[in-house]
Amino acid sequence: MPKIGIIGGSGVYGVFEPKETIKVHTPYGRPSAPVEIGEIEGIEVAFIPRHGKNHEFPPHEVPYRANIWALHELGVERVIGITAVGSLREEYKPGDIVITDQFIDFTKKREYTFYNGPRVAHVSMADPFCPEMRKIFYETAQELGFPVHEKGTYVCIEGPRFSTRAESAMFRQFAHIIGMTLVPEVVLARELGMCYVNIATITDYDVWADKPVDAQEVLKVMKENNYKVQEILKKGIPRIPEERKCGCADVLKTMFV
Ligand SMILES: CSC[C@H]1O[C@H](OP(=O)(O)O)[C@H](O)[C@@H]1O
Ligand SMILES: Nc1ncnc2[nH]cnc12
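Keep in mind it's a predicted model, so treat the numbers as computed, not measured.

Another aspect to go through is the overall build of the protein. Along the protein, the regular secondary structure elements total six helices and 11 strands. Expected size for 257 residues packed as a compact globule is a radius of gyration near 18 Å; at 17 Å, the protein falls within 12% of this value. Dimensions of the protein, computed from C-alpha atoms along their principal axes, come out at roughly 45 × 40 × 35 Å. Expressed as a percentage of the 257 residues in the protein, the buried residues total 55%. Here the analysis covers contacts within the protein between residues at least 6 apart in sequence; of these, 82% occur between residues at least 24 apart. Entry remark: accessible area of the protein is about 11,400 Å², with carbon and sulfur atoms responsible for 52%. Looking at charge distribution, the protein has the averaged site of its 31 positive side-chain charges lying 1 Å from that of its 35 negative ones.

Below, the structure is given as structure tokens:
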């Protein structure tokens, strides 16, 4: 059973040659695609392409609950979310990697929880990301010589449209990077006591700089920088300890009413 799951974002539709593909049915429908099982450096890993194998799910229609549920059902304890993001700051440059440490939710109409009653839960989101995996992937990216930011606040917008210049100017006041998919993915993982880390690749300067971002640019820059994510996964995954000492599962002790 794979204990590590990877959710690939825009431009990342596979990270290994799968040895098995599993069609999982969940109470929330089917995941974005059958779950691929394969190995990275001899370690068994599960993979789901967030937007589907052919990028058929826009960010507001991704079956986030089914994706997380499916991974959990397969035994995954740690989720690595790969994302393409825009930069809201000069010093966060296209091609840089960010190991996100906070988020701000500007989404509007998604399924945010597994607990819609009668079981009620209020999960702590003060520190949304797994400290153990954040450290591992930051150090790994550094050792590989890739430009990497140890922290960054990700503002998650509803999409599928990009921001206006006014929105972007506002987001710049309080966040470093912008995307459309981190929420509710990280929240749902946490509700099941799973660890979650976000490895974000910056693809553009959103719309506050001279040239406003477009989808083609995101995919092109992501393609050019894909090797960085691959290298980080290859070197970082073997460093993840078998036993979790991060405390991410502790939220389960206190979140229920
Ligand atoms: C293809 S442009 C916008 C698209 O790219 C990002 O996807 P992901 O987070 O899955 O890498 C962004 O959130 C949008 O969904
Ligand atoms: N500028 C941007 N806004 C929202 N999502 C993005 N994904 C990549 N770049 C983005």
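It is worth spelling out the site of ligand 1 at this point. All residues in the neighbourhood of ligand 1 are listed as G9, S10, R50, H51, P59, T83, A84, F162, G179, M180, T181 and V218. At 2.8 Å, a side-chain N or O of S10 approaches an oxygen atom of ligand 1. In the model, an oxygen atom of ligand 1 is placed 2.8 Å from a nitrogen or oxygen of the M180 main chain. Burial of ligand 1 by the protein chains amounts to 92% of its free accessible area of 390 Å². Among the residues forming the shell around ligand 1, the class breakdown is five nonpolar, six polar and one charged.

Attention shifts here to the packing of aromatic side chains. Evaluation of the coordinates by the stated rule reveals 11 aromatic pairs. Seen in terms of ring centroids, F171 and F174 are 6.2 Å apart; in terms of plane orientation they differ by 75°. Their pairing is edge-to-face. In this structure an aromatic cluster arises from ring pairing among Y28, W69 and F114. R119 extends its terminal NZ or CZ atom over the ring of F256, reaching a point 3.8 Å from the ring centre. In this structure, R172 packs its charged tip against the face of W208, placed 3.6 Å from the ring centre.

Let us look at the packing of helix α2 (residues 131-143) against helix α5 (residues 215-236). Across the interface, α2 lies against α5 with an axial gap of 9 Å and an inter-helix angle of 115°. At the point where α2 passes α5, the crossing takes the right-handed sense. On α5, the residues that touch I136, F137, T140, A141 and E143 of α2 are I232, L233, K235 and G236. Class assignment for the residues of the contact of α2 with α5 results in five nonpolar, two polar and two charged.

Further remarks concern the UniProt feature "domain: Nucleoside phosphorylase" (unreviewed entry) in the protein. Taking the UniProt record as the reference, the feature "domain: Nucleoside phosphorylase" (unreviewed entry) is found at residues 3-235. In residues 3-235, helix accounts for 26% and strand for 25%; the two terminal C-alpha atoms are 17 Å from one another.

Quick look at helix α1 (residues 64-73) now. With respect to burial, α1 is a largely interior element, seven of its 10 residues being buried. For α1, the set of buried residues is Y64, R65, A66, N67, I68, A70 and L71. Contact partners of the buried residues in α1: β1 (4-8), β3 (35-40), β4 (43-49), β5 (78-87) and α4 (182-191).

This next bit is on the nonpolar core. Residues V35, I68, L71, F103, I177 and M194 are the most contacted members of the largest nonpolar core, which totals 39 residues. Within the residue set of this core, elements represented by two or more residues are β3, β4, α1, β5, β9 (153-157), α4 and β11 (195-204). Examining the composition of this core, we find that six residues originate from one element, α4, more than from any other. Contacts of L71, omitting those with residues within four sequence positions, involve G5, I7, V35, A46, I48, V76, V79 and M194. I99, C130, I136 and C195 belong to the second-largest nonpolar core, a separate cluster that totals 35 residues.

Turning to the environment of K235, a few remarks are in order. Relative to the helices and strands, K235 resides in helix α5. Put simply, K235 and I40 are 195 residues apart on the chain and 9.1 Å apart in space, counted from C-alpha to C-alpha. Other than its neighbours up to four places away in sequence, K235 contacts T140, E143 and L144.

Another point: the site of ligand 2. Neighbouring ligand 2 are the residues A84, V85, G86, F162, I178, G179, M180, T203, D204, D206, V213 and V218. A distance of 3.3 Å separates a nitrogen atom of ligand 2 from a polar backbone atom of A84. In this structure, a nitrogen atom belonging to ligand 2 sits 2.8 Å away from a side-chain N or O atom of D206. In isolation ligand 2 offers 260 Å² of accessible surface; the protein chains occlude 95% of this area. Put simply, the parts of the chain that give the shell around ligand 2 at least two residues each are β5, β10 (177-179) and β11. Looking at which element gives the most residues to the shell around ligand 2, the answer is β5, with three residues. In terms of residue class, the shell around ligand 2 is built from seven nonpolar, three polar and two charged.

Each value, and the rule that gives it
Residues numbered from 1 in each chain as written. Chains lettered and ligands numbered in written order. Predicted model: local features only at pLDDT ≥ 70, side-chain atom pairs only at ≥ 80, totals over all residues. Heavy atoms only, no water. Helix = DSSP H or I, 4+ residues; strand = E, 2+ residues; numbered from the N terminus. Rg over C-alpha atoms; globule rule 2.2 N^0.38 Å. Buried < 20%, exposed > 50% of the residue type's maximum accessible area, 1.4 Å probe, protein only. Contact = heavy atoms within 4.5 Å. Areas by Shrake-Rupley, 256 points an atom, 1.4 Å probe, with all protein chains shown as cover. Lys, Arg positive; Asp, Glu negative; His and termini not counted. Charge placed at Lys NZ, Arg CZ, Asp CG, Glu CD. Near = heavy atom within 4 Å. Polar contact = N/O pair within 3.5 Å; in protein donor to acceptor, adjacent residues only side chain to side chain. Nonpolar A, V, L, I, M, F, W, Y, C, P; charged D, E, K, R; others polar. Phe/Tyr/Trp six-rings, centres within 6.5 Å; stacked < 30°, edge-to-face > 60°. Lys NZ or Arg CZ within 6 Å of the ring centre and 35° of its normal. Axes fitted to C-alpha atoms, helices over the stretch in contact; angles between N-to-C directions. Left-handed = near helix turned anticlockwise from the far one by under 90°. UniProt positions renumbered as here; feature names shortened; annotations may be inferred. Core = buried A, V, L, I, M, F, W, Y, C linked by side-chain atoms within 4.5 Å.

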